[in-house]
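Geometric and topological summary
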Amino acid sequence: MKSYNIGMVGYKFMGKAHSHAYRDLHMFFPQTAVPQMKLICGRDESGVKAAAEQFGWEGYVTDWRELVTHPEIDIVDINAPSDAHKEIALAAAKAGKHLFCEKPLALTLEDAREMLTAAEEAGVKHMVGFNYRFAPAVQLAKKLVADGRLGQIYHFRAWFLQDWIVDPSFPLVWRLQKEVAGSGSHGDLGAHLIDLAHYLIGDMTEVIGMSETFIKERPLPTAMTGLSAKGSADAPRGPVTVDDATLFMARFAGGALGSFEATRFAPGHRCTNSFEINGSKGSVKFDFERMNELQVYFTDDAEDVQGFRRVLATDAAHAYMDAWWPAGHTIGYEHTFVHEVVELMNAVAEDRQPVPNFVDGVKCQEVLEAVDRSIAERRWVRLSEV
């Protein structure tokens, strides 16, 4: 059985999700190459040391340069904040390491393209972390589209709604600072919707959008991790430099129309990541808060029983599910990362590029940037312009 040593940069929200995937992978997918959790990296020594012990890593370092040049590391996993992705990826590619990078791939399209070029010139494998592709119900939606069971696709509409920063006294975490995050809801949430659209429907040709930052200033934080933070309402305040909400419309190369909404200001929506596809022969609806289900409608059903049916995507016939539990025993958010790592490890072992990879990351960044240009110039922008 092949095995590969993993070096991971980042140890908080995504670091825990990736670590869990590496640890659980071989228990449920025993034919997959084995990820050896060699080194984890973080700037705060006490924090990364505790994470290494809790998550099960063999060792830790506080300088990512030491990790990416370590002779025993085969794959570098990058889930640090977005402003660190490019520098780490370029150095890791130069060192001949395979790459697994969280989304969005980079702060800018130019940086994303540079990362792709570096990976290709180095001849290394590269993967980008669009984990929602790997929910079995999403895989079923892909199959229905690809097999033509929905007919000609007319509409793709998607929305990713959260509410964790509705309180104006919530601190100014790094995700609200453009120089670190690149963008707000657009690049964080909208990137997932864009990738799902590419995966399920195909390329977009033009976009038009609008955005808003509802809370212009926030208290500076005293501590932050994941999507939580601590601070005082009377603390010094700093400017919010990203969007709180971005909406856009799109045309697809295949003729379909698309609409997208990403916001962190939708009270009552903790993580409503949803899409609907309408075609000439039927429709599907997906909501990640009910991630094991796909709502399916076919126009050729008998008239007296027409309507959306709930398909519980937990049978062995559904992607990845034969490795988990008996039918009806659902899986959760963390399992999408396990499925990502299945693809990563298999691709490296089989000497092929995993999917999605940096090409998909660049395509996503192209749409993000085209929407930003559309908002700035108040017009439709063709993807060929960026």
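- Per an unreviewed UniProt entry, the protein chain is named Gfo/Idh/MocA family protein, and its organism is Paenibacillus aestuarii.

Thoughts on the nonpolar core
- Among the nonpolar cores identified, the biggest contains 112 residues, and Met204, Phe260 and Phe275 are the most heavily contacted of them.
- The biggest single contributor to this core is helix H8 (residues 185–200), with 8 residues.
- For Phe260, the contacting residues outside a window of four places in its chain are Phe156, Ala158, Leu193, Ile194, Ala197, Met204, Thr246, Leu247, Phe248, Ala250 and Phe252.

Description of the packing of helix H5 (residues 109–122) against helix H10 (residues 358–377)
- Across the interface, H5 lies against H10 with an axial gap of 9 Å and an inter-helix angle of 165°. One way to sum up the angle between H5 and H10 is to call them roughly antiparallel. When the axes of H5 and H10 are compared, the crossing they make is left-handed. The segment H5 lies against H10, with Leu109, Ala112, Arg113, Met115, Leu116, Ala119 and Glu120 engaging Phe358, Val359, Val362, Gln365, Glu366 and Glu369.

Regarding the UniProt feature "domain: Gfo/Idh/MocA-like oxidoreductase N-terminal" (unreviewed entry) in the protein chain
- What UniProt calls "domain: Gfo/Idh/MocA-like oxidoreductase N-terminal" (unreviewed entry) maps, in this numbering, to residues 5–130.
- With 44% helix and 23% strand, the stretch residues 5–130 has end C-alpha atoms that lie 22 Å from each other.

Section: H5
- Given a rise of 1.5 Å per residue, 14 residues ought to cover 20 Å, and the 20 Å separating the end C-alpha atoms of H5 matches this to within 8%.
- Within H5 the residues assigned to the buried category are Leu109, Asp111, Ala112, Met115, Leu116, Ala118 and Ala119.
- Where the residues of H5 are buried, they touch helix H4 (85–94), strand S5 (98–102), strand S6 (126–129) and H10.
- One or two residues past the end of H5 sits Gly123, with phi positive at roughly 70°.

Concerning the sheet that holds strand S3 (residues 59–61)
- As summarised here, the arrangement of the 6 strands in space is S3-S2-S1-S4-S5-S6, forming an open sheet in which the pairing is parallel. Lying at the two open borders of the sheet, with one neighbouring strand each, are S3 and S6. Averaged over neighbouring strand pairs, the angle between their axes works out to 25° when direction is ignored.
- Pairing analysis gives 7 bridges linking strand S1 (residues 3–9) to strand S2 (residues 34–41), with the strands arranged parallel. Within S2, the residue paired with Asn5 across the bridge is Gln36.

Examining the environment of Phe288
- In this fold, Phe288 is placed in the loop between strand S16 (282–287) and strand S17 (293–298).
- Residues Phe288 and Phe160, 128 residues apart in the sequence, show an inter-C-alpha distance of 9.4 Å.

Notes on the packing of aromatic side chains
- Enumeration according to the criterion identifies 22 aromatic pairs in this entry.
- Centre to centre, the rings of Phe134 and Tyr320 are 6.3 Å apart; their planes meet at 50°, and the pair counts as tilted. With Phe134 in the loop between S6 and helix H6 (136–146) and Tyr320 in the loop between strand S18 (309–312) and helix H9 (333–350), the pair connects residues that are 186 residues apart, well separated along the chain.
- Judged by centre distance (6.4 Å) and plane angle (50°), the ring pair of Trp324 and Trp325 falls under tilted.
- Classification of Trp325 as partly exposed rests on a relative accessible area of 41%.
- Three or more aromatic residues joined by ring pairs make a cluster, and in this case those are Phe13, Tyr132, Phe156, Phe160, Phe248, Phe252, Phe260, Phe275, Phe286, Phe288, Tyr333 and Phe337.
- Looking at Lys285, its charged tip hangs above the ring of Phe308, at a distance of 4.2 Å from the centre.

Cut-offs applied
- Residues numbered from 1 in each chain as written.
- Predicted model: local features only at pLDDT ≥ 70, side-chain atom pairs only at ≥ 80, totals over all residues.
- Heavy atoms only, no water.
- Core = buried A, V, L, I, M, F, W, Y, C linked by side-chain atoms within 4.5 Å.
- Buried < 20%, exposed > 50% of the residue type's maximum accessible area, 1.4 Å probe, protein only.
- Helix = DSSP H or I, 4+ residues; strand = E, 2+ residues; numbered from the N terminus.
- Contact = heavy atoms within 4.5 Å.
- Axes fitted to C-alpha atoms, helices over the stretch in contact; angles between N-to-C directions.
- Parallel < 35°, antiparallel > 145°, perpendicular 65-115°, else oblique.
- Left-handed = near helix turned anticlockwise from the far one by under 90°.
- UniProt positions renumbered as here; feature names shortened; annotations may be inferred.
- Expected span 1.5 Å × (residues − 1).
- Pairing = 2+ DSSP bridges.
- Phe/Tyr/Trp six-rings, centres within 6.5 Å; stacked < 30°, edge-to-face > 60°.
- Lys NZ or Arg CZ within 6 Å of the ring centre and 35° of its normal.

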